[in-house]
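Structural overview for review
In case you want the letters, here they are:
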Amino acid sequence: MILSMKKKEESLTELFQSLVGQPLRRNVLLKEYSTFRIGGPADFFFEAHHLPELKKAIIFALEQNLPFYVIGGGSNILFADEGYRGLIIKNSSRGITLIPQSLEVEALSGTRLADLVEFACESGLAGLEFLAGIPGTVGGAVWGNAGAFGRSTGDLLVTAFIWERGREKEVDRDFLAFGYRISRLKEKGYLLLSARFKLEKDKPEAIRKRINDILALRRLKHPPEGTFCAGSFFKNVFLPDGQKLAAGLLLDQTGVKGLKYGGAMVYPGHANFIINTGQARAADVLRLAAEMKARVREKFGVELEEEVIYLEASSSML
């Protein structure tokens, strides 16, 4: 049985090489591709540096009926301790194009947000400053409508190119149906190829000051750079009357700061961050998150919803 499985894996890697033109890696530890630094081995792993490679890898997975999941910077995801029984595809297709006549920038989905923010600043284009300090990629930001300080990625998006099972098309902002930390990409499993953002002309030095101010605010509230975590763990809560309740504030009032299970701990400086103190397992994080939710439920009658994605070993984008 083990020999048969090994032959099947070897056959898949050979077929992948012939179809995609790049090697397929096996038994890759996912913790190396997560800002949480948690996660067991993926059966197969491929990093796509160009969009054609990305498409071919997905087509391969679909044709072979192989479960797959596409990741970006690994900054908003918790991988299972068991790893992943299928193919993890890391999207590293990067590139930014300036369209000066319309004050727009277009970025490939694997582009780092930090690079996009810096490019816009150097080009004298304002609007993306609120994304400063948010790790991850353009694809992840659009997929989950990432945001901060009252702004969201979808606010500035004009058009995007998406791809679904072999069909590529251009869509507008309305099609993507942005909501709080959600978009149609997330709901339907569409793949973002590139996105175009409408910005405003401003002096680079003024933009730089706003970026630095935002980074300073983040340093005051968030875990220091180099801390193993996945950002805000829970979404803010919106009541039926539209009132917003900050998840961090609710959690703070339940006394969870510093609470620890195994190697996972609630960051003492902000109750909505779970950090890996060094040897945390996904099971530790899940147990801690469950306790945090239970305390908020008991005290306020509110059910928190995770913002961080937990990718189970048997999950799939299929």
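Here, the structure is the one placed above.
The numbering scheme is per chain: residues are counted from 1 as the chain's sequence reads. Only residues with pLDDT of at least 70 get local features here, since the model is predicted, and only at 80 or more are side-chain atom pairs given and counted; chain-wide, interface and lining totals rely on the full set of residues. Hydrogens and water molecules were not included; the side-chain quantities draw on all heavy atoms of the structure.

The helix and strand tally for the protein chain stands at nine helices and 21 strands. Against the 2.2 N^0.38 benchmark of 20 Å for 318 residues, the protein chain shows a C-alpha radius of gyration of 20 Å, consistent with a compact globule. Along the three orthogonal principal directions, the C-alpha set of the protein chain runs to about 55 × 55 × 35 Å. Each residue gets one of three labels from its accessible area relative to the maximum for its type: buried under 20%, exposed over 50%, partly exposed in between, using a 1.4 Å probe on protein chains only. Relative to its full complement of 318 residues, the protein chain shows a buried share of 48%. Considering only intrachain contacts with a sequence separation of at least 6, the fraction spanning at least 24 residues in the protein chain is 62%. Total accessible area on the protein chain is roughly 15400 Å²; 51% of this is exposed by carbon and sulfur atoms. The charged-residue count follows a simple rule in which Lys and Arg add positive charge and Asp and Glu add negative charge, with His and chain termini not counted at all. Taken as the charge location is NZ of Lys, CZ of Arg, CG of Asp or CD of Glu. Averaging the locations of the 42 positively and 38 negatively charged side chains of the protein chain gives two centres separated by 2 Å. Helix and strand assignments follow DSSP, with helices taken as H or I runs no shorter than four residues and strands as E runs no shorter than two, numbered in order from the N terminus. Computation of the radius of gyration draws on C-alpha atoms, with the globule rule given as 2.2 Å multiplied by the number of residues to the power 0.38. Contacts are assigned to residue pairs with any non-hydrogen atoms lying within 4.5 Å of each other. The Shrake-Rupley method, run with a 1.4 Å probe sphere, supplies the accessible areas, and residue values consider only the shown protein chains as cover.

What follows deals with helix α2 (residues 51-63). Under the 1.5 Å per step criterion, the end-to-end length of α2 is 18 Å for 13 residues, consistent within 8% with the ideal 18 Å. Those residues of α2 not exposed but buried are L51, E53, L54, A57, I58, F60 and A61. Once α2 finishes, N65 follows within two positions and takes phi at roughly 55 degrees, a positive value. Expected span of a helix: the number of residues minus one, times 1.5 Å.

Once that is clear, we can look at the side chain of R181. Note that R181 resides in the loop between α5 (173-176) and α6 (184-188). N or O atoms within 3.5 Å of each other form a polar contact, as long as, within protein, one can give a hydrogen and the other can take it, and as long as residues adjacent in sequence are counted only when both atoms are side-chain atoms. In this structure the side chain of R181 is engaged in a polar contact, spanning 3.2 Å, whose partner is the backbone oxygen of N145. Within the local environment of R181, its side chain forms a polar contact with the backbone oxygen of G147, the two atoms lying 3.1 Å apart. What R181 contacts, discounting residues up to four positions off in sequence, is G144, N145, A146, G147, A148, S152, K186, K235 and E307.

A few words on a nonpolar patch on the surface. Where nonpolar side chains cluster on the molecular surface, the patch consists of F149, L217 and L220 and spans about 330 Å² of accessible area. Along the chain, F149 falls in the loop between β9 (147-148) and β10 (151-152). The partly exposed category is assigned to F149, whose relative accessible area is 47%. A residue counts toward a patch only above 30% relative accessible area and without a salt bridge, and it is joined to like-charged neighbours within 9 Å or, for Val, Leu, Ile, Met, Phe, Trp and Tyr, to nonpolar neighbours within 5 Å. We define a salt bridge as a side-chain nitrogen of Lys or Arg found within 4 Å of a carboxyl oxygen belonging to Asp or Glu.

Bringing the packing of helix α3 (residues 113-122) against helix α7 (residues 204-221) into the picture now. All axes are obtained by fitting lines to C-alpha atoms, using only the stretch in contact for helices, and the reported angles, taken between N-to-C directions, cover 0 to 180 degrees. Where α3 meets α7, the axes come as close as 8 Å, and the angle between the chain directions of the two elements is 150 degrees. Classed by the angle they form, the pair α3 and α7 counts as roughly antiparallel. Judged by residue contacts, V117, E118, A120, C121 and E122 of α3 engage P204, I207, R208 and I211 from α7. The residue classification treats Ala, Val, Leu, Ile, Met, Phe, Trp, Tyr, Cys and Pro as nonpolar and Asp, Glu, Lys and Arg as charged. All others, Gly included, are polar. For the contact of α3 with α7, the residue count by class is six nonpolar, no polar and three charged. Orientation labels follow simple angle bins: below 35 degrees gives roughly parallel, above 145 gives roughly antiparallel, 65 to 115 gives roughly perpendicular, and whatever is left gives oblique.

All right, on to the pattern of salt bridges then. Within this structure, the stated rule accounts for 18 salt bridges. Salt bridges sharing partners connect three or more residues here, namely K293, R297, E303 and E306.

Relative to the 26 Å expected for 18 residues at 1.5 Å per residue, α7 spans 26 Å between its end C-alpha atoms, a close match to the ideal helical length. Among all positions in α7, only I207, I211, I214 and R218 are buried. The buried side chains of α7 occupy one side of the element, clustering within an arc of 65 degrees when seen end-on. Of the exposed residues in α7, those oriented more than 90 degrees away from the buried face are E205, K209, R219 and L220. Along its buried surface, α7 packs onto α3, β8 (125-126) and β9. The arc under discussion is defined with respect to the helix axis, by the directions toward the C-beta atoms.

A separate point is the sheet that holds strand β12 (residues 167-172). Strand order in the open sheet formed by five strands is β6-β7-β13-β11-β12, with antiparallel pairing between adjacent strands. This sheet does not close on itself; its edge strands, each paired only once, are β6 (96-99) and β12. Going from strand to strand, the sheet's axes swing by 15 degrees on average, the running direction of each strand aside. Where α2 meets the sheet, it contacts β7 (104-108), β11 (157-164), β12 and β13 (191-198), and its direction lies at approximately 145 degrees from that of β13. Packed on one face of the sheet, α3 meets β6, β7 and β13 and runs near 30 degrees to β6. Here a strand pair is declared whenever DSSP counts at least two bridges between the two strands.

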